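Working through the structure, step by step
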Amino acid sequence: MKSKSRAKSTREKKEQHESKPKLVVRNALIRDVKGIRDLAFRVYSRKMSLTEDMIRGQINNYPEGQFVAIYEDKIVGYCATFRIAGGIALRQHTWAEITGGGFASRHDPNGDYLYGMEVCVDPEYRGLRIGQRLYNERKKLCMYLRLKGIVFGGRLPGITKKRRRFDSAEEYIELVKEKKIRDQVLSFQMKNGFEPIGVLYDYLPIDRESLGNAAHLIWRNPETNFESDKTPKTSPPYIYKNHVRVGCVQYQMRRMNSFEEFRHIVEYFVDVFADYKADFVLFPEMFTLQLLSLETRKLTPVESIEALTNYTRPFKEFMNDLAVKYNINIIGGSHPTKNEEGEVQNVCYIFLRDGSIHQQIKIHPTPNERYWWRIEGGSELKPIQTDCGPIGVLICYDSEFPELARHLVDQGANIIFVPFCTDERKSYLRVRYCAQARAVENQCYIAMAGNVGNLPGVENMDIQYAQSAILTPCDFPFARDGVAADTTPNVEMVAIADLSLSDLIASRSSGTVHNLKDRRFDLYNIQWRGKDK
């Protein structure tokens with residue numbers, strides 16, 4: 001009996017395995033970014049392809065609108081979508097303008113149309129009707145939200161081969177509509193219920209097959225014809241946690257007698273914020289430099305920074321243990337670290353409470369960092385996915401470059417952490433004023449934490465000036481003066497505040513001003529030149 005039962009169990013398991021679906025369409029997740037990027041490379045040339053940063057922004061800005069088709073654990077199709085007002089979608093525009101440079105950063109949760117910014121299907125799997133499945137997901141989303149329809153610019157790859165048979169792009173589209181000629185993309189769109197309403201000129205100049213132009217296409221939601229009394233549903237903000245509690249440590253630099261003493265002080269602050277049930281605690285830039293007071297001989301600036309890199313491993317292990325032990329996300333200030341090439345970089349380690357460790361390298365070392373410590377800048381900037389949504393980190397001087405904060409927000413970051421280290425008031429105010437500007441122009445939250453106190457005998461780290469703060473946009477839902485919390489200058493203390501992500505998202509579409517929404521993408525945009533790995 002036992003052997004028969006075992007055989008039956010084995011057969012049932014086999015049948016269950018065989019019945020597992022081979023092709024699945026679901027919402028795209030951040031872990032899919034590399035797979036989607038690889039798919040885009042297979043479908044398009046690298047010049048026309050999506051970057052990881054763009055895909056990350058699309059998913060973070062409107063998770064409900066991004067879909068992947070997975071065949072036997074391989075991503076073989078991708079569909080990128082966002083909401084937008086008809087007044088924008090139905091007039092002349094370019095792809096870069098309406099998509100916010102490919103990041104879906106113009107997503108409007110109150111928009112009455114869906115905009116289709118991308119559909120790509122692996123050429124080896126086109127017999128599985130993957131494109132049709134992805135379009136069906138878009139239509140289902142449109143009908144569920146009770147929107148008016150779907151709009152996008154459709155490629156015209158056949159136009160270059162048949163250009164002698166017509167005088168204009170309009171005439172070419174008419175010939176396709178009359179089925180006198182066939183375009184592999186436009187004919188497919190029309191078969192799926194999309195109606196050409198014109199030509200989008202210079203839509204994607206790099207698309208030479210289409211002569212840079214696109215067919216302006218619309219799919220009208222059939223349910224809105226007889227259910228006009230139903231207003232569109234507002235897309236709820238895709239929020240991991242609405243109210244996020246953030247704490248900043250204004251840290252006193254002091255002489256250390258041992259690494260254990262350093263651990264004891266740092267753990268004290270983490271413990272305090274954990275008792276207040278904070279989600280994040282931010283430490284200042286280079287606060288580990290106090291460990292140089294353990295050195296028994298006087299070191300040159302280069303020797304000092306080299307000596308400090310020896311603490312990288314114990315520092316990371318200790319901070320990682322704290323994040324898990326106290327159930328809190330720790331933005332670990334910054335610490336000098338040697339990379340694989342032997343160069344020293346200023347690195348902020350982010351220790352999440354799930355036990356994972358992330359890093360953000362300082363992009364712009366200051367002139368002093370480059371000269372005295374020979375610190376090299378990084379070249380990658382992306383948000384970190386946390387249980388409170390995507391966040392970004394700009395280390396001190398980086399906050400003074402507006403392009404960096406904009407690049408993080410385009411990728412979906414709502415809170416940007418700025419660990420800083422400044423020696424006197426003018427230096428501090430450069431960081432403070434720029435951080436406040438970043439909060440206003442990007443309609444995001446900025447948390448900044450700095451060092452106070454002095455370190456006699458430590459080269460290039462003698463004196464400190466700081467006033468830590470948690471900054472907001474300047475609008476009605478937020479704190480007066482755009483300051484959620486701050487500290488007394490030059491005193492060891494903490495700042496803590498609750499930040500509402502729903503207020504932030506609402507202000508971007510319905511606030512007094514719309515700094516993100518009103519950007520003139522027809523005039524300017526940011527192009528990140530870092531290469532995908």
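Above: the structure in question.
Residues numbered from 1 in each chain as written. Predicted model: local features only at pLDDT ≥ 70, side-chain atom pairs only at ≥ 80, totals over all residues. Heavy atoms only, no water.

Moving on, we get to the overall build of the chain. Assigned secondary structure in the chain consists of 15 helices and 21 strands. For the chain, the C-alpha radius of gyration of 27 Å lies close to 24 Å, the compact-globule estimate for 533 residues. Across its three principal directions, the C-alpha atoms of the chain cover 85 × 75 × 50 Å. A fraction of 71% describes how many contacts in the chain between residues 6 or more apart in sequence connect residues 24 or more apart. Here the chain displays about 24,900 Å² of accessible surface, and carbon together with sulfur accounts for 49% of that area. Here the chain contributes 75 positive and 68 negative side-chain charges, whose respective centroids are spaced 7 Å apart. (Helix = DSSP H or I, 4+ residues; strand = E, 2+ residues; numbered from the N terminus. Rg over C-alpha atoms; globule rule 2.2 N^0.38 Å. Contact = heavy atoms within 4.5 Å. Areas by Shrake-Rupley, 256 points an atom, 1.4 Å probe, with all protein chains shown as cover. Lys, Arg positive; Asp, Glu negative; His and termini not counted. Charge placed at Lys NZ, Arg CZ, Asp CG, Glu CD.)

Here we come to the side chain of T422. Considering the arrangement of structural elements, one finds T422 in the loop between strand 17 (415-420) and helix 14 (425-442). Within the local environment of T422, its side chain forms a polar contact with the backbone oxygen of Y465, the two atoms lying 2.7 Å apart. Ignoring any residue separated from it by four or fewer positions in sequence, one finds T422 in contact with C396, S427, Y428, V431, I463, Q464 and Y465. (Polar contact = N/O pair within 3.5 Å; in protein donor to acceptor, adjacent residues only side chain to side chain.)

Here we take up the pattern of salt bridges. Applying the stated criterion to the full structure yields 33 salt bridges. D481 is paired through a salt bridge with R480; the nearest N and O atoms lie 3.7 Å apart. Judged by its relative accessible area of 56%, D481 falls in the exposed class. R480 gets classed as exposed once you look at its relative accessible area, which sits at 72%. Salt bridges here are not isolated pairs; linked through shared partners, they connect K34, R37, D38, E52, D53 and R56. (Salt bridge = Lys/Arg side-chain N within 4 Å of Asp/Glu carboxyl O. Buried < 20%, exposed > 50% of the residue type's maximum accessible area, 1.4 Å probe, protein only.)

Enumeration according to the criterion identifies two cavities of 30 Å³ or more in this entry. Within the residue set of the lining of the largest cavity, elements represented by two or more residues are helix 3 (52-61), strand 16 (389-393), helix 13 (402-410) and helix 15 (501-510). Examining the composition of the lining of the largest cavity, we find that four residues originate from one element, helix 15, more than from any other. In the lining of the largest cavity, the residues fall into 16 nonpolar, nine polar and six charged. Of the voids in this model, the second largest cavity is the one considered here, and its volume is about 40 Å³. Surrounding the second largest cavity, I84, A85, I88, R106, D108 and K517 form its lining. Of the residues contributing to the lining of the second largest cavity, the split by class is three nonpolar, no polar and three charged. (1 Å grid on protein atoms, 1.4 Å probe; cavity = no way out; pocket = protein on both sides within 12 Å on 5 of 7 lines; lining within 4 Å. Points joined across faces, edges and corners; volume = space filled by probe spheres on them. Nonpolar A, V, L, I, M, F, W, Y, C, P; charged D, E, K, R; others polar.)

Our next topic: the environment of Q189. Mapped onto the elements of the fold, Q189 is located in helix 8 (residues 186-191). According to the relative accessible area criterion, Q189 is buried, its value standing at 4%. Leave out the neighbours within four places in its chain, and Q189 touches Y135, F152, F194 and L217.

A separate point is helix 13. Side chains that are three or four residues apart share a direction in an α-helix, a result of its 3.6 residues per turn. Taking burial as the measure, the nine residues of helix 13 include seven buried ones, the bulk of the element. Taken together, the buried positions of helix 13 are L404, A405, R406, H407, L408, V409 and D410. Those residues of helix 13 hidden inside the fold are in contact with helix 3, strand 16, strand 17, helix 14 and helix 15. Phi turns positive, to about 110°, at G412, one or two residues after helix 13.

Counted by the stated rule, this structure contains zero disulfides. With no disulfide partner, C120 has as its closest neighbouring cysteine sulfur the one in C79, 9.2 Å distant. Unpaired in terms of disulfides, C474 finds its nearest cysteine sulfur in C444, a separation of 12 Å. Overall, C474 belongs to the partly exposed group, its relative accessible area being 48%. (Disulfide = S-S within 2.5 Å.)

Taken residue by residue, a regular strand's side chains alternate between the two faces of the sheet. Burial analysis of strand 17 places six of its six residues in the buried class, which makes it a mostly covered element. The side-chain alternation of strand 17 yields two buried faces, one formed by I415, F417 and P419 and the other by I416, V418 and F420. Crossover strand 16 to strand 17 through helix 13 is right-handed. (Right-handed = clockwise from strand over helix to strand, strands pointing away.)

Moving on to the nonpolar core. One broad trend across soluble globular proteins is that nonpolar side chains are buried collectively. The biggest cluster of nonpolar side chains holds 66 residues, and the ones touching the most others in it are I36, Y78, Y115 and I130. Each residue touching Y115, except ones within four places of it in the same chain, is listed here: A80, T81, F82, I84, A89, H93, I98, V151, F152, G153 and Y203. Residues C348, L352, M448 and F478 belong to the second largest nonpolar core, which totals 53 residues. (Core = buried A, V, L, I, M, F, W, Y, C linked by side-chain atoms within 4.5 Å.)

Now for the packing of helix 2 (residues 33-43) against helix 3. At their nearest, the axes of helix 2 and helix 3 sit 9 Å apart, and the two run at 125° to each other. Taken together, the axes of helix 2 and helix 3 are oblique relative to one another. Where helix 2 crosses over helix 3, the handedness of that crossing is right-handed. Residues V33, K34, I36 and R37 of helix 2 lie in contact with helix 3, whose contacting residues are E52, I55, R56 and I59. Classifying every residue of the contact of helix 2 with helix 3 by side-chain character gives four nonpolar, no polar and four charged. (Axes fitted to C-alpha atoms, helices over the stretch in contact; angles between N-to-C directions. Parallel < 35°, antiparallel > 145°, perpendicular 65-115°, else oblique. Left-handed = near helix turned anticlockwise from the far one by under 90°.)

On to the sheet that holds strand 7 (residues 214-220), then. Pairing within the open sheet is mixed, and its seven strands lie in the order 1-2-3-4-5-7-6. Strand pairing shows two members of the sheet lacking a second neighbour, strand 1 (23-27) and strand 6 (195-200), which therefore form its edges. Ignoring which end each strand starts from, the neighbouring axes of this sheet average 25° apart. Here five bridges tie strand 1 to strand 2 (residues 67-71), and the two strands are oriented antiparallel to one another. By the bridge assignment for strand 2, N27 is matched with F67. This element, helix 2, spans strand 2, strand 3 (74-84) and strand 4 (113-121) of the sheet and lies at about 100° to strand 3. Contacts from helix 6 (residues 130-144) reach strand 1, strand 2, strand 3, strand 4, strand 5 (149-154) and strand 7 within the one sheet, and its direction differs from that of strand 4 by about 165°. (Pairing = 2+ DSSP bridges.)

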